[in-house]
Amino acid sequence: MTHLKRFIALALCLALVFALSACGGDTPAAEESENPTGLVWTADYTELDAGIDYVQSAAYAGGKLYLAGSGYDEEDNDNRYLFLAVDPATGETSELTGYAPPAAPEGAENTYTTVNAIAAGPVVGLWVQENLNYYDYSSAPEGMTQEDPEFWDYAEYHDVNLLRLLDATGAEVLSLDLASIAEGQDYFYVSAITSDSEGNVYLGDQNGGFYVFAADGSQLFAAAPGSMGELSYIDKLVTLGDGRAALVTYDSATSGNVLRPFDTAAKNFGESIPIPTSGYSMYNGDENYLFYYVEGASMYGFDAAAGEGTALFNLVNCGVNVDSLSLFVPNSGEYLCLVSGHGSGPNSGYSLELATLKEVEASSLPQKTTLTLAAQYLGSDLRADVLNFNRNSDKYRIEVTDYSEFNTEDDYTAGLTRLNTEIISGKAPDILVVDGLKLDEVKTKAMKGFLDSIQAGKSVVITPEVEKNVVLSARNIPGVITTTAKVLSVYDIVNANRLVVDKAALAIIEEVFA
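Residues numbered from 1 in each chain as written. Predicted model: local features only at pLDDT ≥ 70, side-chain atom pairs only at ≥ 80, totals over all residues. Heavy atoms only, no water.

**Regarding the overall build of the protein**
A count of helical and extended segments in the protein gives eight helices and 31 strands. Expressed as a percentage of its 514 residues, the buried residues of the protein come to 49%. Long-range contacts, defined here as pairs at least 24 residues apart, represent 55% of the contacts in the protein between residues at least 6 apart. Accessible area of the protein: about 24,500 Å², with a carbon and sulfur share of 47%. (Helix = DSSP H or I, 4+ residues; strand = E, 2+ residues; numbered from the N terminus. Buried < 20%, exposed > 50% of the residue type's maximum accessible area, 1.4 Å probe, protein only. Contact = heavy atoms within 4.5 Å. Areas by Shrake-Rupley, 256 points an atom, 1.4 Å probe, with all protein chains shown as cover.)

Here is the structure:
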């Protein structure tokens, strides 16, 4: 595959591939498929012209995406807060014509409102939790003006927490002051929000408080901070595929994470559901799955009947960075991904995009030569570099497998076992990222056994700095070269069948060749 080697050498010199430009040699994984068939997942990206520089909150309701965040107004030369609706079919954004920030009391100065959290409301409405911030100088002595330096000593800062129900235009339907549930807390912050199919809204706060309000504004349930045992912080609430809302928490009795669905009839929690995820990256469910969650590089759907997750697609291979995933929404056989944040490398600016994931015939996509990369716990920097490379190359792409997602609660090495099994069966990756290439002593037999196990053949072993025992263990193995990230040679790369890279060396390679 001379054409591939020439490309890799050039790409490395141009720093387009960074740590990823490993040559796959004449392996099946590095071959271009002549007649690809079958369905594959791909993403269509739409850049959103929203004027938002930071997404504070987002939700999906009534067939539209809703975003709230800050942006810079060039005409006024100032920051402003935006509340927008996005049509996922066209990517068009529009301000909510009926929306107005909550009214500040008379005499308030320097008022500022943020939409802290959004959830779907009853019918096509929206629940929004807002913070109204302002200063009050009414306690200043009569006749004192802002020209008096002592005037500013009388400033009183107010942070008002409100829960409002809005209609589809953003107009207010009802408003609730959350002062009653914030009372007694030194600092109150709504850390999670969701809703259920009945239109009820659920709030969790940073101190472990949990509250439920009906669509008419009445309070259905309240659990004050400290009243729910060891739960001291609520950061995840989800709407389940069956319409219920649930709290994600840790169950010390089972030493695992569980869902605690709320029973509106009983006005209390129902039976807990064990889940196979930490809950950090969980998303609302639909008629197909109780909820969705990210594990490793892949999106999973949780099957309630089977009590386990099903891998749906690899997000990285679809071009989606989970670190920038603000919202994930099932949508009639497709999936909407709101991707926001700063990238890295050539795409380091802020971006706000809507990715629509869909299944298409493989033959309908541009054909590229594929390199395979295997890792255990794919790091955010490496993930971003793969995404950047795949977007910038029209002839080559890197497909990633993060084997950590195959680990289980009972076996944290299950992913490595699976990788070893695949290598033995002849499915060795072109690029293997390992964590910590070190040896306590010179062990040529052990090094050879390791390289043979991954079918390394003619290979380059890259460490962040000189590892004497690694060098001495590999020096008598035919076809194996050891080097460090700072002196990595393009010649060595193009003449290798495999790259074996220490994870810590990746950042150094990127820095040296950037």
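**Observations concerning the pattern of salt bridges**
For the structure on display, the rule yields nine salt bridges. One salt bridge connects D242 with R244, and the closest N-O pair in it is separated by 2.9 Å. Its relative accessible area of 33% is what places R244 among the partly exposed residues. Each member of the salt-bridge network shares a partner with another, and the members are D44, E334 and K358. (Salt bridge = Lys/Arg side-chain N within 4 Å of Asp/Glu carboxyl O.)

**Comments concerning the sheet that holds strand β21 (residues 298-303)**
If you walk across this open sheet you meet the four strands as β19-β20-β21-β22, and the pairing is antiparallel. Each end of this open sheet is capped by a strand with a single partner; those strands are β19 (282-284) and β22 (308-314). Sheet twist, expressed as the average angle between the axes of neighbouring strands with direction ignored, equals 30 degrees. Looking at chain direction, β21 and β22 are connected through six bridges and run antiparallel. For M299, the partnering residue across the bridge sits in β22 and is F313. (Pairing = 2+ DSSP bridges. Axes fitted to C-alpha atoms, helices over the stretch in contact; angles between N-to-C directions.)

**Notes on the state of the cysteines**
According to the stated counting rule, one finds zero disulfides in the structure shown. For C337, which is in no disulfide, the shortest distance to another cysteine sulfur is to C318 and amounts to 8.2 Å. (Disulfide = S-S within 2.5 Å.)

**Brief notes about the environment of L336**
Secondary-structure assignment places L336 in strand β24 (residues 334-342). Looking at L336, the relative accessible area reads 3%, which means it is buried. Sequence spacing of L336 and L65 is 271 residues, and the spatial spacing of their C-alpha atoms is 9.4 Å. Setting aside residues no more than four positions away along its own chain, L336 makes contact with Y60, P88, L327, F328, V329, N331, L354, A355 and T356.

**Digging into unusual backbone geometry**
A positive phi angle, near 55 degrees, is found at N110, a position not held by glycine. Tracing the chain through its elements places N110 in strand β6 (residues 108-120).

**Notes on the nonpolar core**
Core analysis: the biggest nonpolar cluster contains 26 residues, and L373 and I462 have the highest contact counts within it. At the level of secondary structure, the elements contributing two or more residues to this core comprise β26 (369-375), α3 (380-392), β27 (396-402), β28 (431-434), β29 (459-463), β31 (498-502) and α8 (503-513). If you tally residues by element for this core, the top one is α3, at four residues. F313, V320, L325 and V339 belong to the second-largest nonpolar core, a separate cluster that totals 19 residues. (Core = buried A, V, L, I, M, F, W, Y, C linked by side-chain atoms within 4.5 Å.)

**Quick notes on the sheet that holds strand β10 (residues 190-195)**
To summarise the sheet geometry, strands pair through backbone hydrogen bonds and adopt either a parallel or an antiparallel arrangement. Ordered in space as β10-β11-β12-β13, the four strands form an open sheet in which the pairing is antiparallel. Across the chains shown, the open sheet's two edge strands, defined by having one partner strand only, are β10 and β13 (219-223). The sheet shows a mean angle of 15 degrees between the axes of neighbouring strands, direction not considered. Note that strand β11 (residues 201-205) and strand β12 (residues 210-213) share four bridges and pair antiparallel. Paired with V201 across the strands is F213, a residue of β12.

**Points about the environment of F302**
Summarising the element assignment, F302 is placed in strand β21. Sequence separation between F302 and Y289 is 13 residues; the distance between their C-alpha atoms is 5.3 Å. With residues near it in sequence (within four places) discarded, F302 still touches I273, P274, P276, Y289, L290, F291, Y293, G307, E308 and G309.

**Looking at the side chain of N321**
Summarising the element assignment, N321 is placed in the loop between β22 and β23 (325-331). For N321, the contacting residues outside a window of four places in its chain are R383, A384 and L387.

**Some points on the packing of aromatic side chains**
Going through the model one piece at a time under the given rule, you end up with 28 aromatic pairs. A ring pair is formed by F210 and F262, whose centres lie 6.1 Å apart and whose planes are at 50 degrees; its orientation type is tilted. Taken as a pair, F210 in strand β12 and F262 in strand β16 (residues 256-263) lie far apart in primary sequence, 52 residues in all. The class for F210 is buried, based on a relative accessible area of 1%. According to the relative accessible area criterion, F262 is buried, its value standing at 3%. Through successive ring pairs, a cluster of aromatic residues spans W41, Y283, Y289, Y292, F313, F328 and Y335. Here the guanidinium or amino end of R260 rests over the ring plane of F269, the centre of that ring lying 4.4 Å away. The cationic tip of R391 hangs over the ring face of Y45; the distance from NZ or CZ to the ring centre is 4.0 Å. (Phe/Tyr/Trp six-rings, centres within 6.5 Å; stacked < 30°, edge-to-face > 60°. Lys NZ or Arg CZ within 6 Å of the ring centre and 35° of its normal.)

**Quick word on the pairing of β6**
Across 10 bridges, β6 lies against strand β7 (residues 126-136) in antiparallel orientation. Bridge pairing in β7 places T113 opposite L132. Following β6, the chain reverses through five residues before pairing antiparallel with β7; V123 in that reversal takes a positive phi of roughly 60 degrees.

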